[in-house]
Amino acid sequence: MTTVWAGLATGAIYSLVAIGYNVVLLASGTFNFAHAQLLMVGTFLAYTGAVSLGLPAIPTVLLAAAGTAAVALIEERIAIRPLLGRSDAHGALITTVGAATILDGLAAAIWGRQPLTVPSGLPERPLELLGGAVRPIDLVLIVLTLVVGVGLHLWSRHTLTGLASLASAEDRQAASARGINVRLLGVGAFVLAGAIAGAFGLLVGARTYAVFDLGHALALFGFVAIAIGGSGSQLGGLIGGFATGLIYAFAVRYIGAAYPQLVVFGVFLLILFLRPRGLFGAALERRV
Amino acid sequence: MTSRRTRIATLLTTLVVTLPLAACGDGGGTESAGGDKPFVVYFTGDYSGAVSTNNASLEAGIKIAAEEFNASGGIEGRKIVVETANDQNDPTKAVSLLQQRLSSGTKPDLVYPGGSSAVSLSLLPILTRQKVLSVGGTVSTLLNDPAKYPYHFGVSSPGKDYAPALISVAQSKGYKKIAMLYSNDATGQSSAAIYKAAVQGAGMEFVEARYEATSLDMSSQLNQLRSQNPDALVLNGYGTAALYTMRSRAQIGWDVPTYCDQLGSSFPYLKNLGADQLKGVNVVFSAATLSTSEHHPGLAGFIGKIKSGPAATGMSSTGWGLYATGHDALAVVVHAARQAKSTDPDKLKAAMESLAKPTEAPLWFNAGPAGQYLQYAYSGTNHFPTAGADTFQYVSPGTYDGDGFYSPGKA
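What you see is a predicted model; the values in this text were computed from it and never measured.

Calculation criteria
Residues numbered from 1 in each chain as written. Chains lettered and ligands numbered in written order. Predicted model: local features only at pLDDT ≥ 70, side-chain atom pairs only at ≥ 80, totals over all residues. Helix = DSSP H or I, 4+ residues; strand = E, 2+ residues; numbered from the N terminus. Rg over C-alpha atoms; globule rule 2.2 N^0.38 Å. Buried ≥ 20, exposed ≤ 12 C-beta atoms within 10 Å, placed from the backbone. Contact = placed C-beta atoms within 7 Å. Pairing = 2+ DSSP bridges. Axes fitted to C-alpha atoms, helices over the stretch in contact; angles between N-to-C directions. Parallel < 35°, antiparallel > 145°, perpendicular 65-115°, else oblique. Nonpolar A, V, L, I, M, F, W, Y, C, P; charged D, E, K, R; others polar. Core = buried A, V, L, I, M, F, W, Y, C linked by C-beta atoms within 7 Å. Domains from an automatic or database assignment. Left-handed = near helix turned anticlockwise from the far one by under 90°. pLDDT = per-residue confidence, 0-100. Right-handed = clockwise from strand over helix to strand, strands pointing away. Expected span 1.5 Å × (residues − 1).

1. Details of the overall build of chain A
When you go through chain A residue by residue, the secondary structure sums to 12 helices and 2 strands. Along chain A, helices (α) and strands (β) appear in the sequence α-α-α-α-β-β-α-α-α-α-α-α-α-α when read from the amino end. Here the C-alpha radius of gyration of chain A, 19 Å, is about what a compact globule of 288 residues would show, namely 19 Å. Its C-alpha atoms give chain A principal-axis dimensions of roughly 55 × 45 × 35 Å. Counting every position in chain A, which comprises 288 residues, the buried fraction comes to 55%. Within chain A, contacts between residues separated by at least 24 positions form 75% of all contacts whose residues are at least 6 apart in sequence.

Here's what the structure looks like:
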């Protein structure tokens, strides 16, 4: 069961990355490759709040959420906004990769290259739960990720703004013609994704430490999570992240420590072959 | 017409002003081509990347050595000049910069070939072709190949010299099976090969597990090893990998005696982990760098120069040992030059391969006050130093004190 808890806790972080990808993808049709770096920035801002400024947990979470949202807003203005309306739809892929590289470099320059311990305020001693050992921080991370993932799924399906996001993602011009402010939705999506990433900075940082190259590992498996779950589906991203974490942990434990990446990417390829839209993604019709 | 006169006047004025300068330059060039031209040390390292702190310590050490030997007449009468290049720890960039330097017309007399084995390996073919002596602190076994790289020498102990410390502890405690968790990259695999050979050579069983650079949790790997009931665990890793391992080890409640390899031992654990997460953890250090050891008589002055220099802040993270690596690289060459009474690369190489053991305290610091911890007994087939049987010792994780000595078990 300890392997299950470890897989779920790591998977929760992959789910958070997948959720962030989906928030932006649904509202603006852009795949933000720098989202894992926003999560990394969140961990550093949480460190700044909790350690450098000595703030309690709630103000630290608010500081990290606001700061990361601001970084996401700047990214949208610099890396996305200038490309809107251009015929080359793939430009944003390149500019968001560029933004990710810049964020890595800035984090290293500001906070250094050594890992920094982010104190969560929760006890370090593991709990015995359902026959396995789990740290309290991991338990909170798993539960809150589930809450946010399910909440965003319900929001995107049952609220006017959520439905407007879906409409905007499907056809920006048609949505705009129906009176939806697609530009505002796009900006709002970046800010929301940044705020969520920042709000989780304290919990993620307490598990992974704040380190400038954290985004590399998270981006890779966040992408696998979204591909498994289905791009555009919040529920799919959530489940895809947890599934990736569990597959990785079980592959290490029972197949061999040399094979986890092979197994994860084997599952990834299998799903791409058998169900290219992912487990929860919707098939789209396109006139050809 | 006025314009033409102006141009002629300008040309004449330029000639009048520049001719004496050109003459000065020529004179300087003639002088520098003589026997007392500077002894140029080309130091290439990472000034802007992940290991820039380590690089700053190495550079400071080599510059302190240059200053020290220049004060006593330089190297065989030649003033030592240190040139630096920022290779960003990138072998391609390092090669490009070295080629630029060599194409300038004069060759450096000595090269410190980078802060990583990958960079050193990329530079050695060029340095060999150019017959340029190089002395470095990188430790890949591939670098110790005098047939292929006859002008390269190492000043740091290769990884295999650390394994006897583990075997000694394992035999004294009666361990029968030893597990190792290591990074699935060239460094980790190289370390695992060394420990596997040493453990199996000592008649013990060896079991292993690897982790990827993207791993965020090590509990599955540790559980896999735990299921095989080893008596001790060897850990290879640095940074977050080392932290994840210690934290996962505590999470699964496995307080097996844990011994870090050379890389794992250099990480500052006490800065990031609590005592309960470090229960049973041991790190390996050279006896020369321990606060409890007997000190080299010249070390206090060297440490004083580090502390008053521009790279003083690195002392708390690297100790004085890394500064001494830079220092010792030059010191060994100075010792060889005194023996050869020459700075000719072939004569220096020959002197290095038959280096006389110093009768007093050696010019270098990492070997201890009497050179007992590290012998620079180079030969035609071995260009790396040899560690003594008790050079490396396992101690509990600690920190560097104000003078850069390692203090075990002190937060």
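Now that the structure has been shown, we can carry on.
2. As for the overall build of chain B
Assigned secondary structure in chain B consists of 12 helices and 15 strands. Evaluated residue by residue, chain B yields a buried proportion of 48% over its 411 residues. Long-range contacts, defined here as pairs at least 24 residues apart, represent 70% of the contacts in chain B between residues at least 6 apart.

3. A word on the environment of Met218 of chain B
Here Met218 of chain B is to be found in the loop between strand S7 (205-211) and helix H7 (219-226). Discounting chain neighbours no more than four positions away, the residues touching Met218 of chain B are Leu181, Tyr211, Tyr244, Thr245 and Ser248 of chain B.

4. Topic: the sheet that holds strand S5 (residues 152-154) of chain B
Whether parallel or antiparallel, the strands of a sheet pair through hydrogen bonds between backbone atoms. Residues and elements named next belong to chain B. With parallel pairing, 5 strands are arranged side by side in an open sheet as S2-S1-S3-S4-S5. What marks the edges here is a single partner per strand, and that holds for strand S2 (80-86) and S5. Across the sheet, the mean angle from the axis of one strand to that of its neighbour is 20°, orientation sign disregarded. Strand direction decides the pairing type here: strand S3 (residues 110-113) and strand S4 (residues 133-136), joined by 2 bridges, are parallel.

5. Considering the packing of helix H6 (residues 160-170) of chain A against helix H8 (residues 182-199) of chain A
Residues and elements named next belong to chain A. Running from N to C, H6 and H8 cross one another at 110°; their axes reach a closest spacing of 10 Å. Between H6 and H8, the angle falls in the class roughly perpendicular. Residues Ala164, Ser165 and Ser168 of H6 pack against Val182, Leu185 and Ala189 of H8. Partitioned by chemical class, the residues of the contact of H6 with H8 number 4 nonpolar, 2 polar and no charged.

6. Regarding the environment of Leu290 of chain B
On the secondary structure map, Leu290 of chain B appears in the loop between strand S10 (281-286) and helix H10 (299-307). Along the sequence, Leu290 of chain B and Ile62 of chain B sit 228 residues apart, while their C-alpha atoms lie 22 Å from each other.

7. Side note on the nonpolar core
Note that soluble globular proteins tend to have their nonpolar side chains buried in a common cluster. Counting residues in hydrophobic clusters, the biggest one holds 204 residues, and the most contacted among them are Val17 and Leu39 of chain A together with Val41, Ile62, Leu181 and Val333 of chain B. Among the elements that make up this core, the one with the highest residue count is helix H1 (residues 2-28) of chain A (17 residues). No fewer than three residues from each of domain 1 (21-158 + 304-387) and domain 2 (163-261) of chain B sit in this core. In this structure Leu181 of chain B touches Ala209, Tyr211, Met218, Gln221, Leu222, Leu225, Leu233, Leu235 and Thr245 of chain B, once residues within four positions along its chain are discounted.

8. What about the interface of chain B and chain A?
At the interface, 22 residues of chain B touch 26 residues of chain A. Sorting the residues of the side of chain B that touches chain A by element identifies S7, H7 and helix H8 (240-251) of chain B as the ones contributing at least two each. In terms of residues, the side of chain B that touches chain A owes the most to one element, H7 of chain B, which gives 5 residues. Class assignment for the residues of the side of chain B that touches chain A results in 6 nonpolar, 13 polar and 3 charged.

9. Topic: the environment of Gln114 of chain A
Looking at the element boundaries, Gln114 of chain A is found in the loop between helix H4 (91-111) and strand S1 (127-129). Between the C-alpha atom of Gln114 of chain A and that of Phe212 of chain A, which follows or precedes it by 98 residues, the distance is 8.2 Å.

10. Quick word on the packing of helix H10 (residues 214-229) of chain A against helix H11 (residues 234-255) of chain A
Residues and elements named next belong to chain A. Running from N to C, H10 and H11 cross one another at 120°; their axes reach a closest spacing of 7 Å. Of the possible angle classes, the one that applies to H10 and H11 is oblique. Judged by the twist between their axes, the crossing of H10 over H11 is right-handed. On the side of H10, the interface is formed by Phe221, Val224, Ala225, Ile226, Ile228 and Gly229, while H11 contributes Gly236, Gly237, Leu238, Ile239, Gly240, Gly241, Ala243 and Thr244. Residue classes in the contact of H10 with H11 are distributed as 8 nonpolar, 6 polar and no charged.

11. Some remarks on the sheet that holds S7 of chain B
Residue and element names in this part refer to chain B. Strands sit in the order S7-S6-S8-S9-S10-S13 across an open sheet of 6 strands; the sheet is mixed. With one partner strand each, in any of the chains shown, S7 and strand S13 (392-395) form the two edges of the open sheet. Pairwise comparison of adjacent strand axes, ignoring direction, gives a mean angle of 25° for this sheet. Contacting strand S6 (177-183), S7 and strand S8 (232-235), helix H6 (residues 186-201) crosses the sheet at an angle of about 170° to S6.

12. Quick look at the confidence of the model for chain A
Detailed conclusions should not be drawn from predicted coordinates in areas where pLDDT is low. In this model, chain A carries an average pLDDT of 84, and 94% of its residues clear a pLDDT of 70 or more. Confidence, expressed as mean pLDDT per element, reaches its minimum in chain A at helix H7 (residues 172-177) of chain A with 74 and its maximum at helix H2 (residues 35-52) of chain A with 94.

13. A few points about the domain arrangement of chain B
By a widespread convention, an interface's size corresponds to the accessible area lost as its parts come together. For chain B, the assigned domains read domain 1 (21-158 + 304-387) and domain 2 (163-261). Between the C-alpha centres of domain 1 of chain B and domain 2 of chain B the distance comes to 34 Å.

14. Brief notes about the confidence of the model for chain B
Residues and elements named next belong to chain B. In the predicted model, chain B carries a mean pLDDT of 86, and the fraction of residues at 70 or more is 90%. Below pLDDT 50 for its whole length, residues 9-34 participates in 1 contact with residues either more than four positions away or in separate chains. If you check the scores for this complex, the pTM reads 0.77 and the ipTM reads 0.80.

15. Considering the pairing of S8 of chain B
Residues and elements named next belong to chain B. Residues of S8 alternate between two faces, with Ala232 and Val234 on one and Leu233 and Leu235 on the opposite face, all of them buried. In this structure, S6 lies alongside S8, joined through 4 bridges in parallel fashion. The residue of S8 that forms the bridge with Met180 is Val234. Pairing of S8 with strand S9 (residues 258-260) involves 3 bridges; the strand directions are parallel. Residue pairing for S9: Leu235 is matched across the bridge by Cys260. Of the crossover connections in this fold, the one passing from S8 over H8 to the parallel S9 is right-handed.

16. A few points about unusual backbone geometry
Residue and element names in this part refer to chain B. Backbone geometry places Glu76, a non-glycine residue, at a positive phi of 50°. For Glu76, the location among the structural elements is in the loop between helix H2 (52-71) and S2. For Glu76, a count of 17 C-beta atoms within 10 Å corresponds to the partly exposed category.

17. A short note on H8 of chain A
Think of an α-helix as 3.6 residues a turn; residues three or four steps apart then line up on the same face. Between its first and last C-alpha, H8 of chain A extends 25 Å over 18 residues, near the 26 Å set by a 1.5 Å rise per residue. Of all the residues in H8 of chain A, the buried ones are Val182, Leu185, Gly186, Ala189, Phe190, Ala193, Gly194, Ala195, Ile196, Ala197, Gly198 and Ala199 of chain A.

18. What to know about H10 of chain A
The terminal C-alpha atoms of H10 of chain A lie 22 Å apart, and with 16 residues this matches the ideal 22 Å at 1.5 Å per residue to within 8%. Looking one or two places after H10 of chain A, you find Gly230 of chain A, whose phi comes out positive at around 115°.

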